[in-house]
Each structure stands twice: as C-alpha cells, then as structure tokens.
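Observations on the model geometry
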Amino acid sequence: AETRRLAANQRELLSWTLGAGDPGFGKVTVSVAGPGNFAVRREWDIQVRAAQTPSAIDTVSQLEPGRELVLDRNVTAPFAPGTAVASVALSRTPGIDVPALLRALDKYPYGCLEQTTSRALPLLYYNDVALLGYGPGDPRISDRVQDAVYRIVDMQVTDGSFGMWGPFSTPAAEWLQTYALDFLLRARDQQMAVPAAPLQRGLTWLNRTADKLSPNAQAYAWYVLAKAGLADPGRVRYFQDTTGRDIKGGLAWAQLAAALNQVGEPGRARLAFGLARQRIDEPDPADYYGSPLRNRAALLALASEAGGREGVSEVIGAVRERLTARVQDT
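If you're wondering where the values come from, they're calculated on a predicted model, not measured in any experiment.

Details of the pattern of salt bridges
Per the stated rule, a full pass over the model turns up nine salt bridges. Across the pair K227 and D182 runs a salt bridge, and its minimum N-O distance is 2.7 Å. Of this pair, K227 sits in helix α7 (residues 215–227) while D182 sits in helix α5 (residues 174–189), and the two are 45 residues apart along the sequence. Classification of K227 by relative accessible area gives partly exposed; the value is 27%.

Following this line, the structure appears as structure tokens:
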C-alpha cells in the first residue's frame, strides 16, 4: 500500500510495477479522500494466467484378463504442483474417454446456435452416463441444459426458423436449424422445460419448408419431423425416390432410414440403412461440422434406435467394429 498527499490543484501521475503471483485474480484498489468528507474508492480485478496454456495428456492402455494398471505420482509429475487433475475411464470401446469429453463440452465458452446446441445436447445424457460407472453425477447439469434451451428459443425468428446468433442475425444453415429442433425435442423428452409455442412454431416451419431444403438437410428434417409425429409417409417416400440420389455421404442416409422406420416403412428403412453403411465414410464437402468419427457414431446410434428389425442388427455390428477402429486411429 502507498499513500500520497496532494496540495490544492496539484496533479501527479503515478505508476507502479505489478508482480504476478499464483494464477487467479488479483485486485488493485485506489482510494481518494479530500476536504468536506470527499471520498472515492475504485477496485479493479487483474487476472494472472500461467505462462503455459492448459494441456492434457491422454493415455490409452489395454488391460488383458488378470492384468492390473497402477497409477502413481509419476502421472502428474510433468505438471505444476496443485494444478493437475487425473481421471480414469474403463470402456469396451478403446479411446473414448466419456467423462473427459463431457467435461470439455461443459466448459465450451461460445454461444452461437451450433455451439450452444453442440454443448448442451450430450449433456442431456450426462447423468445417464454417470450411472453406467463413468464418473459422478452432477445435479447442476439440468440447470445448464435448461439455460441452453432458453438461449436457443431466444434465437428463434417469428416464422419459426433460427438466426445464427439471434433473431436479427444471419439465418443459421438449414442443417443447423434442424439440429436445434432435434435438441429441443430431445430436451423435452428428458423432462426439460421446453416452451411449447416456440417448439411448435419451429416444427411447423420445418414441416412447411422441408421440401425446399438441400437433400442432406431434408433427410435430417424428415427424421426430426418423424420423431415429432409430423412427417407425412408419402412425402418421405417421395423424397427417397426422387431426391435421395443427391444425398452426400452416409449420415443423411442413416437419418432418412431412421425417418422411414419412424413412419412405418421398415423395408425402405432397411435399404436406406444399407446405403448408409456403404457410404458412411464418403466425404460431404458442404459439411463443416462433421467428421468420419461422428458419422460412424451417428449411424450406430440411429441403427440402435431402430431396434432389432431385420437387417438393422447387421448394421449395428459392422459399424461398431468400424467405429472402434476409427477411434483407435484418431
């Protein structure tokens, strides 16, 4: 602390050298007092960051029957004392660290339509995954997902579509708008408070415009509308027969297959799942948000959702093996 006394009308510029200590927030306080009980006090928080950016070390090890894996202090030796956090996950699918992935998503700092949805959708199932032994549950997850629901609803335009950052910003891409509605439906199914009017307005917009969307976005739209009970089987069949040939990659074929399954067309769904399996690794130049790993995981999830229908179980077995191989290569 330093105190200076100034004469009337005197001005003095002061400077101090600040020394950073431990990472965190420091505080600078200035108090000015004068005649007539004049007093002003100001405070500023100054953040202190470590010289190195946060880093993570992932190690994958296969445990043979009867083998033990010992974790000791050498695991955290490369890190500054008191800054390391270690977690262990056991899985039959090597390379997928579910707790770490979910924690990383929960800390994601940005908030456009895609980022908000991508962060919150997996968190719908966070505590379900915890029950499988992947880590402790988190009672605050629901609050964070609920905030995401309200944020997405606030991005809705009056016609039911969505802006990328809000109702007055650039419209979000067609696929992303369907993605947001998919999340809202899933959130409602997980007993989150999803305002009924905005959800219905969004689904009405999607149903009205589905035929005008690009082939991949339209396949996703039919899947979401089918889950909501709003897809006309005739329109879905017509899309498959006329525009299906323009679908790029396997993910959209999987979504169309799931839509056909939902509207009572198991034969067509089986054929579409077969095409999805064949094309799941084909690139889609217009897909900025996906990856081969995501596409394989999505096909596995959609096929599993379809249940034990004829032909679907073969897709599940084959894709599970390819998903595991892709994770090990990543």
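Considerations on the packing of aromatic side chains
On inspection of all chains with the given rule, the structure shows three aromatic pairs. Consider the rings of W175 and Y220, whose centres lie 4.8 Å apart with planes at 40 degrees: the pair is tilted. Of this pair, W175 sits in helix α5 while Y220 sits in helix α7, and the two are 45 residues apart along the sequence. For W175, a relative accessible area of 22% translates into the label partly exposed. By relative accessible area, which is 3% here, Y220 ends up buried. With a centroid separation of 6.5 Å and an interplanar angle of 20 degrees, the aromatic rings of Y220 and Y223 are classed as stacked. Of this pair, Y220 and Y223 both sit in helix α7, separated by three residues, roughly a single helical turn.

Here's the deal with the pairing of strand β1 (residues 24–34)
Where β1 and strand β2 (residues 38–48) come together, 11 bridges link them in antiparallel fashion. Its bridge partner lying in β2, T29 is registered against E43. The turn joining β1 and β2, which pair antiparallel and follow one another in sequence, is formed by three residues; a positive phi near 70 degrees is taken by G36.

Concerning the nonpolar core
Ranked by internal contacts, the top residues of the largest apolar core, which has 65 residues, are F183, L184, L206, W222, V224 and L256. In terms of residue count, the dominant contributor to this core is α7 (nine residues). Those residues within four positions of L184 in sequence are excluded, and the remaining contacts are V149, I152, F162, V194 and L199.

Brief notes about a nonpolar patch on the surface
A surface patch of nonpolar side chains, about 780 Å² in accessible area, is lined by L14, W16, L18, V30, V32, F38, W44 and I46. For the nonpolar patch, the element with the most residues is β2, which contributes three residues. Summarising the element assignment, F38 is placed in strand β2. Using a relative accessible area of 46% as the deciding quantity, one classes F38 as partly exposed.

Points about α5
The end-to-end C-alpha distance of α5, which contains 16 residues, comes to 23 Å, matching closely the 22 Å that a straight helix rising 1.5 Å per residue would cover. Those residues of α5 that are buried are in contact with α2 (113–123), α4 (141–154), α6 (196–209) and α7. Residue Q191 follows α5 closely and has a positive phi angle near 70 degrees.

A look at the layout of surface pockets
Space inside the second largest pocket adds up to approximately 860 Å³. For the second largest pocket, the lining is made up of 18 residues, of which R4, L14, V30, S31 and V32 are closest to its centre. Here the element with the most residues in the lining of the second largest pocket is β1; it accounts for seven residues. By residue class, the composition of the lining of the second largest pocket is nine nonpolar, three polar and six charged.

Let's talk about unusual backbone geometry
For N9, which is not glycine, the phi torsion reads 65 degrees and is therefore positive. Mapped onto the fold, N9 is located in the segment before β1. One non-glycine residue, N37, lies in the positive phi region at around 60 degrees. For N37, the location among the structural elements is in the loop between β1 and β2.

Things to note about the packing of α6 against α7
One way to put it is that α6 packs onto α7 with a least axis distance of 10 Å and a crossing angle of 135 degrees. Of the possible angle classes, the one that applies to α6 and α7 is oblique. In this structure, α6 meets α7 at a crossing whose hand is left-handed. Seen from α6, the contacting residues are L203, L206 and N207; seen from α7, they are A221, W222, V224 and L225.

Some points on the side chain of E265
By the secondary structure assignment, E265 is in the loop between α9 (251–262) and α10 (266–279). Apart from residues lying up to four places away in sequence, E265 is in contact with R237 and L260.

Analysis parameters
- Residues numbered from 1 in each chain as written.
- Predicted model: local features only at pLDDT ≥ 70, side-chain atom pairs only at ≥ 80, totals over all residues.
- Heavy atoms only, no water.
- Salt bridge = Lys/Arg side-chain N within 4 Å of Asp/Glu carboxyl O.
- Helix = DSSP H or I, 4+ residues; strand = E, 2+ residues; numbered from the N terminus.
- Buried < 20%, exposed > 50% of the residue type's maximum accessible area, 1.4 Å probe, protein only.
- Phe/Tyr/Trp six-rings, centres within 6.5 Å; stacked < 30°, edge-to-face > 60°.
- Pairing = 2+ DSSP bridges.
- Core = buried A, V, L, I, M, F, W, Y, C linked by side-chain atoms within 4.5 Å.
- Contact = heavy atoms within 4.5 Å.
- Patch = residues over 30% accessible without salt bridge, like charges linked within 9 Å, V, L, I, M, F, W, Y side chains within 5 Å.
- Areas by Shrake-Rupley, 256 points an atom, 1.4 Å probe, with all protein chains shown as cover.
- Expected span 1.5 Å × (residues − 1).
- 1 Å grid on protein atoms, 1.4 Å probe; cavity = no way out; pocket = protein on both sides within 12 Å on 5 of 7 lines; lining within 4 Å.
- Points joined across faces, edges and corners; volume = space filled by probe spheres on them.
- Nonpolar A, V, L, I, M, F, W, Y, C, P; charged D, E, K, R; others polar.
- Axes fitted to C-alpha atoms, helices over the stretch in contact; angles between N-to-C directions.
- Parallel < 35°, antiparallel > 145°, perpendicular 65-115°, else oblique.
- Left-handed = near helix turned anticlockwise from the far one by under 90°.

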